[in-house]
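Spelled out, the chains give:
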Amino acid sequence: MTLFSRRNVLRGGLVATTAGIAAPGPVTAAAAAAPDRTSCPAPPGPAMVGRGDPRHRSLASRGYNRRFVGSPEHVWVVGTTAHVVRAVQQAVDSGRRITVRSGGHGFESFVADPAVEVVVDMSAMTGVSYDPGRRAFAVEAGALLGEVYRRLYAGWGVTVPAGWCATVGVGGHVLGGGYGPLSRLMGLSVDHLYAVEVVVVGRDGRARSVVATRELADPHRDLWWAHTGGGGGSFGIVTRYWFRTPGAQGDDPSGLLPAPPSGVLSFSVSWDWQELDRTSFARLVRNHCEWAERHSAPDSPYLALYSELALTRRASGTVVMIGQVAADSGAGRMLDEHLAAINRGVPVRPLRTVRNQPWLAAALAGSPGDPGPVYRLKVKSGYLRRGFTDRQIGVIHHHLTRSDYDHPGGSLSLYTHGGKVNTVAPDATATPHRGASIKMFYVNGWEDPRDDARHIGWLRELYEDLYADTGGAPAAADGAFVNYPDTDLADPARNTGAPWHALYFGDNYRRLQRVKARWDPRDVFHHALSVRRA
């Protein structure tokens, strides 16, 4: 398997500042709520790191996509919400363009935009604690997913369903909805989001922090709603999230979020590209799409199974499927049945590797094969409610096997979607894609900047040929994923179909525009695909 063969390889927002957590095992509500006054150090910063500071280069270049490396005038390293307010206020007062970075896994140039003069770096805000006042778990926006999983599970035996890549930052991940291997079983991250703390700028130019909850009587509820899939960089800077599952009762923290499975069956399956002809390739893709559609309903007996089929370039050597099955659910039988359905009628015997792991070990290990942020990337996305047409499968096969393009790095990955995700109404959160059966990630990765045009061109040709019937982009009814941003969708020369905001936000866009007008009337926070004021 090549380094470029799956989304996981190319994925697509450290000092605790609040209460410490208890050791693994039963934890009482009182113990979980009690802050550790002796071992919790004071929050760092704020530090304003300018271009002459030796730290500047590292902080300014902390992004995942090597195509984009910014050079802001300074980077604020913040440790508290008050620090963020100070940084934002100074930027507003001086008329400087400001943005924020959490984990750094953004795929477009939103943070590294040459017009950005100030970056707020959240990497020191990593607290994870239980807040007894809100009966919810507080997670600071700079925390990485792996650390969130570890602390929630070790302390209280709970988790938030979120991404597979352990190094992704919570800050931006949740704003796109938050999807991962447990989402078919438990829903999206935002389906468990109780509250959000945001630094906003009013019409008077004053920066302040606001806590908005999902409570119907909360006058700030629209701000909470906008952060349940409205994407980052439109309304303010998130400093903290609170999570509690809707309907959860009592004061025992261990009952306020879902418990993950005790273990998972992790698997990797590969098909030799040399043994796949056009017909068998088409059958494999069609089988996967049909399985995903058949088992996307919330009552499917296969919600505990999650898989990603990576349709890689033939030059990579293999087509790969990876995934996990919750071990409490007859995992071995479920995997056998899944693989039999995917391979039905395909005259190629795949190779399978299976590993039983405790859930936390698997969550901390993340998706297999991630080499880190060393590549130049271009990504695109889409959702499917129904499978590809025969014409579209032919387009995919053509671009993966073209003899005039020898690079192995390009791929299209198909992720099983739906399940509990599809139990939430499209307008209940800002995430509208509640009827999809498959989420798709298109990616190409390379190292030499001199090859940018060639490799970006290949991915554009695949995408635009695939969606030739709908103007070079997915149909509005299917849509695209805001956390795999693609500025091509806002280019009328490349997309003559549904507008970019309809693809990312569906019918929720007008409501998001009203939130934008209320909470960021001066348009302090913006980028190429941010929500526009009405």
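The protein appears in an unreviewed UniProt entry as FAD-linked oxidase from Streptomyces curacoi. Listed under Cofactor (unreviewed entry) in UniProt, the entry text for the protein is "FAD". UniProt, in the comment section headed Sequence similarities (unreviewed entry), describes the protein in these words: "Belongs to the oxygen-dependent FAD-linked oxidoreductase family."

Asker: It is not clear to me how the packing of helix α8 (residues 278-294) against helix α9 (residues 331-342) should be interpreted in this structure. Could you clarify?
Answerer: Geometry of a packed helix pair, given as the angle between the helix axes and the separation of the axes. Contact geometry for α8 and α9: axes closest at 8 Å, N-to-C directions at 130 degrees. In this view, α8 runs oblique relative to α9, as classed from their interaxial angle. Contacts from Leu284, Asn287, His288, Trp291 and Arg294 of α8 reach α9 at His338, Ala341 and Ile342. Grouping the amino acids of the contact of α8 with α9 by side-chain chemistry returns four nonpolar, three polar and one charged.

Asker: Any chance you could explain the UniProt feature "domain: FAD-binding PCMH-type" (unreviewed entry) in the protein here in plain terms?
Answerer: UniProt records the feature "domain: FAD-binding PCMH-type" (unreviewed entry) at residues 68-248, using the numbering of this structure. Between the end C-alpha atoms of residues 68-248 the distance is 43 Å, and the span holds 23% helix and 24% strand.

Asker: Explain the sheet that holds strand β3 (residues 98-101) here, please?
Answerer: Spatially, the four strands line up as an open sheet ordered β1-β2-β4-β3, and their pairing is mixed. Lying at the two open borders of the sheet, with one neighbouring strand each, are β1 (47-50) and β3. Across the sheet, the mean angle from the axis of one strand to that of its neighbour is 25 degrees, orientation sign disregarded. Where strand β2 (residues 74-77) lies against strand β4 (residues 118-121), four bridges are found, and the strand directions are parallel. Paired with valine 75 across the bridge in β4 is valine 119.

Asker: Before we go on, may I ask you to explain the confidence of the model for the protein in this structure?
Answerer: When pLDDT is low, close inspection of the predicted coordinates is not appropriate. Looking at the protein as a whole, the pLDDT averages 91, with 91% of positions reaching at least 70. The low-confidence segment residues 1-39 (pLDDT under 50) makes 125 contacts with residues lying over four places distant or belonging to another chain.

Asker: Mind showing me how you'd approach the domain arrangement of the protein here?
Answerer: Size of an interface, as often reported, equals the accessible area lost when the parts are brought together. Once the domains are mapped, the protein shows domain 1 (44-260) and domain 2 (263-507). Placing the centre of domain 1 and that of domain 2 at their C-alpha centroids yields a distance of 27 Å. With 40 residues of domain 1 in contact, the opposing surface of domain 2 contributes 54 residues. Here domain 1 meets domain 2 over a buried area of about 3900 Å², counting both sides, of which 62% is carbon and sulfur. Here domain 1 is connected to domain 2 by two salt bridges. Glutamate 108 serves as the salt-bridge partner of lysine 378, at 3.0 Å between the closest nitrogen and oxygen. Among the elements of the structure, α4 (145-156), α5 (170-175), α6 (183-186) and α7 (221-226) are those that each provide at least two residues to the side of domain 1 that touches domain 2. For the side of domain 1 that touches domain 2, a count of residues per class yields 19 nonpolar, 15 polar and six charged.

Asker: Which parts of the structure should I look at to understand the packing of aromatic side chains?
Answerer: A ring pair, where both rings are aromatic, is described by two values, the distance of the centres and the angle of the planes. Counted under the stated rule, the structure contains 21 aromatic pairs. With 6.2 Å between their ring centres and 70 degrees between their planes, phenylalanine 107 and tyrosine 484 make a pair best called edge-to-face. Of the two residues, phenylalanine 107 sits in the loop between β3 and β4 while tyrosine 484 sits in the loop between α12 (452-466) and α13 (500-505), which places them 377 residues apart along the sequence. Each member of the pair, phenylalanine 107 as well as tyrosine 484, carries the same accessibility label: buried. Plain terms: the ring middles of tyrosine 179 and tyrosine 306 are 6.1 Å apart, the flat faces sit at 65 degrees to each other, and that makes the pair edge-to-face. Taken as a pair, tyrosine 179 in the loop between α5 and α6 and tyrosine 306 in strand β11 (residues 305-312) lie far apart in primary sequence, 127 residues in all. Tyrosine 306 matches tyrosine 179 in its accessibility class, with the two residues each being buried. Through a chain of ring-to-ring contacts, the aromatic side chains of Phe107, Tyr383, Phe441, Phe481 and Tyr484 assemble into a single cluster. Directly above the aromatic system of tryptophan 225 lies the positively charged group of arginine 511, at a separation of 3.8 Å from the ring centroid.

Parameters at a glance
- Residues numbered from 1 in each chain as written.
- Predicted model: local features only at pLDDT ≥ 70, side-chain atom pairs only at ≥ 80, totals over all residues.
- Heavy atoms only, no water.
- UniProt positions renumbered as here; feature names shortened; annotations may be inferred.
- Axes fitted to C-alpha atoms, helices over the stretch in contact; angles between N-to-C directions.
- Helix = DSSP H or I, 4+ residues; strand = E, 2+ residues; numbered from the N terminus.
- Parallel < 35°, antiparallel > 145°, perpendicular 65-115°, else oblique.
- Contact = heavy atoms within 4.5 Å.
- Nonpolar A, V, L, I, M, F, W, Y, C, P; charged D, E, K, R; others polar.
- Pairing = 2+ DSSP bridges.
- pLDDT = per-residue confidence, 0-100.
- Domains from an automatic or database assignment.
- Buried area = accessible area lost by both parts, 1.4 Å probe.
- Salt bridge = Lys/Arg side-chain N within 4 Å of Asp/Glu carboxyl O.
- Phe/Tyr/Trp six-rings, centres within 6.5 Å; stacked < 30°, edge-to-face > 60°.
- Buried < 20%, exposed > 50% of the residue type's maximum accessible area, 1.4 Å probe, protein only.
- Lys NZ or Arg CZ within 6 Å of the ring centre and 35° of its normal.

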